[in-house]
Amino acid sequence: MTGEVQAVVGRMREREMLRQQITATRPAIFVGAARYRRASYGSNHPLAIPRVSLTLDLINSYGAMAPEEYRQGRPASHRELFGFHTKDYIQAFERAQFRGGVQDSDRQRYQLGTLENPYFPGFFDTPSLATGSSVLAAEAVLEGVTAFSPAGGMHHAAPGQARGFCYFNDPVLAIQRLRRADLRVLYWDMDAHHGDGVEAAFVEDSDTLTVSLHMDTDYAYPSQGGKLGDWPGLAVNLPLPKEVNDSEYALAFAVLWPRVLQHFDPDVVVLQAGTDILAPDPLSKFRISNGLFWQVVRQIVAESPRLLVLGGGGYHPVALARCWTGLWAILSGRSLPAELPAAGRVLLKAVEWELDDEDVPDYGQQFLSLEDAPQSGPVRADLHERLDFLLQHHPLFANRSNVA
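On a predicted model such as this, the values are computed, not experimentally measured, just so you know.

Before going further, it helps to examine the overall build of the protein. For the protein, the count of helices and strands is 15 helices and 8 strands. The C-alpha radius of gyration computed for the protein amounts to 20 Å, which stays within 12% of the reference 22 Å derived for 404 residues, consistent with globular compactness. In terms of principal-axis extent, the alpha carbons of the protein reach across some 60 × 55 × 40 Å. Out of the 404 residues belonging to the protein, those deemed buried represent 59%. Considering only contacts in the protein between residues 6 or more positions apart, those separated by 24 or more positions represent 78%. Per element, the accessible surface of the protein, about 15800 Å² overall, is 49% carbon and sulfur. Of note, the protein has its 36 positive side-chain charges centred 4 Å away from the centre of its 48 negative side-chain charges.

With that settled, the discussion passes to the packing of aromatic side chains. Counted under the stated rule, the structure contains 23 aromatic pairs. Centre to centre, the rings of Phe30 and Trp328 are 5.9 Å apart; their planes meet at 85 degrees, and the pair counts as edge-to-face. Taken together, the residues span a long stretch of sequence, with Phe30 in strand β1 (residues 28-32) and Trp328 in helix α12 (residues 317-331) at a distance of 298 residues. For the pair formed by Phe30 and Trp328, the shared burial category is buried. Sitting over the ring of Phe264, Arg184 keeps its end group 3.9 Å from the ring centre. The lysine or arginine in question, Lys242, covers the ring of Tyr219, its NZ or CZ lying 5.0 Å from the ring centre.

The next point concerns helix α3 (residues 52-61). Among the 10 residues in α3, 8 count as buried, and that is most of the element. Restricting attention to buried positions, one finds in α3 the residues Val52, Ser53, Leu54, Thr55, Leu56, Leu58, Ile59 and Ser61. Contacts made by the buried residues of α3 are with β1, β2 (70-72), α12 and α13 (342-349). Positioned one or two residues after α3, Gly63 has a phi angle of 65 degrees, which is positive.

Leu186, Trp188 and Tyr249 are the most contacted members of the largest nonpolar core, which totals 78 residues. At 11 residues, the largest contribution of residues to this core is made by helix α10 (residues 246-264). With residues near it in sequence (within four places) discarded, Leu186 still touches Leu209, Val211, Trp257, Val260, Leu261, Phe264, Pro266, Val268, Val269 and Val270. Of all hydrophobic cores here, the second largest spans 48 residues; its members include Tyr41, Leu173, Val268 and Leu308.

Once their charged atoms are close, side chains differing in charge can pair, the charge on each being opposite to the other. According to the stated counting rule, one finds 19 salt bridges in the structure shown. In this structure, Arg74 engages Glu80 in a salt bridge whose closest nitrogen and oxygen atoms are separated by 2.8 Å. Classification of Arg74 as partly exposed rests on a relative accessible area of 22%. Linking Arg386 and Asp216 is a salt bridge whose minimum nitrogen-to-oxygen distance equals 3.3 Å. Here Asp216 lies in the loop between β5 (208-215) and β6 (236-240) and Arg386 lies in helix α14 (residues 381-393), a separation of 170 residues in the sequence. Assigned by exposure class, Arg386 and Asp216 land together as buried.

Next up on the list: the sheet that holds β6. With parallel pairing, 8 strands are arranged side by side in an open sheet as β2-β1-β3-β8-β7-β4-β5-β6. With partners counted over all chains shown, the strands left at the sheet margins are β2 and β6, one partner each. On average, each strand axis in the sheet is tilted by 15 degrees relative to the strand beside it, whichever way the strands run. In terms of strand pairing, strand β7 (residues 268-272) meets strand β8 (residues 307-310) through 4 bridges, oriented parallel. Residue pairing for β8: Val270 is matched across the bridge by Leu308. Of the strands in this sheet, β4 (185-189), β5, β6 and β7 are in contact with α10, which crosses β4 at around 170 degrees.

Of the two faces of β8, the one carrying Leu307 and Val309 and the one carrying Leu308 and Leu310 are both buried. Where strand β3 (residues 146-149) and β8 come together, 3 bridges link them in parallel fashion. Paired with Ala147 across the strands is Leu308, a residue of β8. Once you follow β7 into helix α11 (residues 290-303) and on to β8, the crossover reads as right-handed.

As a further point, take the environment of Trp353. Considering the arrangement of structural elements, one finds Trp353 in the loop between α13 and α14. Residues Trp353 and Ile49, 304 residues apart in the sequence, show an inter-C-alpha distance of 7.0 Å. Excluding its chain neighbours within four sequence positions, the residues that come into contact with Trp353 are Ile49, Pro282, Tyr315, His316 and Pro317.

Below, the discussion takes up the packing of helix α7 (residues 125-142) against helix α8 (residues 170-180). When two helices pack together, their arrangement is given by the angle between the helix axes and the distance between those axes. Interhelical geometry of α7 versus α8 gives an angle of 30 degrees and a closest axis separation of 8 Å. Accordingly, the angle class assigned to the pair α7 and α8 is roughly parallel. The handedness of the crossing between α7 and α8 comes out as right-handed. Facing α7, whose interface residues are Ala130, Thr131, Ser134, Val135, Ala138, Glu139 and Leu142, α8 presents Asp170, Leu173, Ala174, Arg177 and Leu178. Its residues assigned to classes, the contact of α7 with α8 shows 7 nonpolar, 2 polar and 3 charged.

A word on the pairing of β6. Where burial is concerned, most of β6 is hidden: 5 out of the 5 residues are buried. Residues Val236, Leu238 and Leu240 point to one face of β6 and Asn237 and Pro239 to the other, with burial holding for every one of them. Pairing of β5 with β6, which is carried by 5 bridges, proceeds in the parallel orientation. Within β6, the position partnered with Val211 by the bridge is Val236.

Criteria and cut-off values
- Residues numbered from 1 in each chain as written.
- Predicted model: local features only at pLDDT ≥ 70, side-chain atom pairs only at ≥ 80, totals over all residues.
- Heavy atoms only, no water.
- Helix = DSSP H or I, 4+ residues; strand = E, 2+ residues; numbered from the N terminus.
- Rg over C-alpha atoms; globule rule 2.2 N^0.38 Å.
- Buried < 20%, exposed > 50% of the residue type's maximum accessible area, 1.4 Å probe, protein only.
- Contact = heavy atoms within 4.5 Å.
- Areas by Shrake-Rupley, 256 points an atom, 1.4 Å probe, with all protein chains shown as cover.
- Lys, Arg positive; Asp, Glu negative; His and termini not counted.
- Charge placed at Lys NZ, Arg CZ, Asp CG, Glu CD.
- Phe/Tyr/Trp six-rings, centres within 6.5 Å; stacked < 30°, edge-to-face > 60°.
- Lys NZ or Arg CZ within 6 Å of the ring centre and 35° of its normal.
- Core = buried A, V, L, I, M, F, W, Y, C linked by side-chain atoms within 4.5 Å.
- Salt bridge = Lys/Arg side-chain N within 4 Å of Asp/Glu carboxyl O.
- Pairing = 2+ DSSP bridges.
- Axes fitted to C-alpha atoms, helices over the stretch in contact; angles between N-to-C directions.
- Right-handed = clockwise from strand over helix to strand, strands pointing away.
- Parallel < 35°, antiparallel > 145°, perpendicular 65-115°, else oblique.
- Left-handed = near helix turned anticlockwise from the far one by under 90°.
- Nonpolar A, V, L, I, M, F, W, Y, C, P; charged D, E, K, R; others polar.

Put into structure tokens, the structure is as follows:
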């Protein structure tokens, strides 16, 4: 690593003791439901894998969740859904579940029942539960806790269309709940894909700022928006080049996070914690370890006045469960052994899915250790140029007088 990157990483590590103290003073809850143990998204789909249930089971293999830390999720009400989604879209969605399939006209108009957004049993009920759970988590944040809604983070859905595996946009509805409490909201999106649906929803709201670090949309979904020079509603977008490593991501975060906090001054942070930025993820173009992921999260936890954490993308169930287990440990103020418990190793090895794990970095380690091997490396000039462009040209940084 260069001296610059070493200094950045060193400063992040120096704060860890303080972060752990701060985290321990704020209780955390995990919002889940038994429904997530059911199959969803049909078959041959990137999300037809265990995610929330596998994470919860791995957490419990560590004995790392007390009964009072678990909260049962709830479905979203129609009133909540209508706060963002159109009435005809909701009606088409419910009609499809009632009939057991999607009509061709509804498929074309609403993108429901497609290969991307397939029909499956519980077609409406499952995303409604995930959405209501994120709103419930937002309400818990208003009560003074840090809340984690892992089934949430579906950031692509549009008002009248399913998009990018996302049927309802729960981050939008959760932010709306926080805004009704007159809180100034910073939405920080770690997912490998641009948080386009959330960005579009708050273009006209000066008290909500969206920040997204993602794969460049020149080579990844979605194909529009999220460019370096795109800042609708002051949104901050940092498209990252392929093969981004720990050192590069750490630098990007260290440059942007404190400046956004300083210039926007939020009352609450909503973190979308998609794990598809991790090196093992089959849809990722990055080379990031869960250790760096957690390092970023520790700082966000420590420096957020209030915090709501949502799930998001993540298509390697073992990598996701290990990452979100470590995330939960940070949120709840725990320190977990790196060595996986025997029950946890058995749990992860029993996962059946289609990816050939022998092609995944650290194939054997994922069944032995909670933490990935570091993925440090050189910081390319391209990344420096992108960061310099944002700092010199984005209105949030370049013209502070325009910031409320």
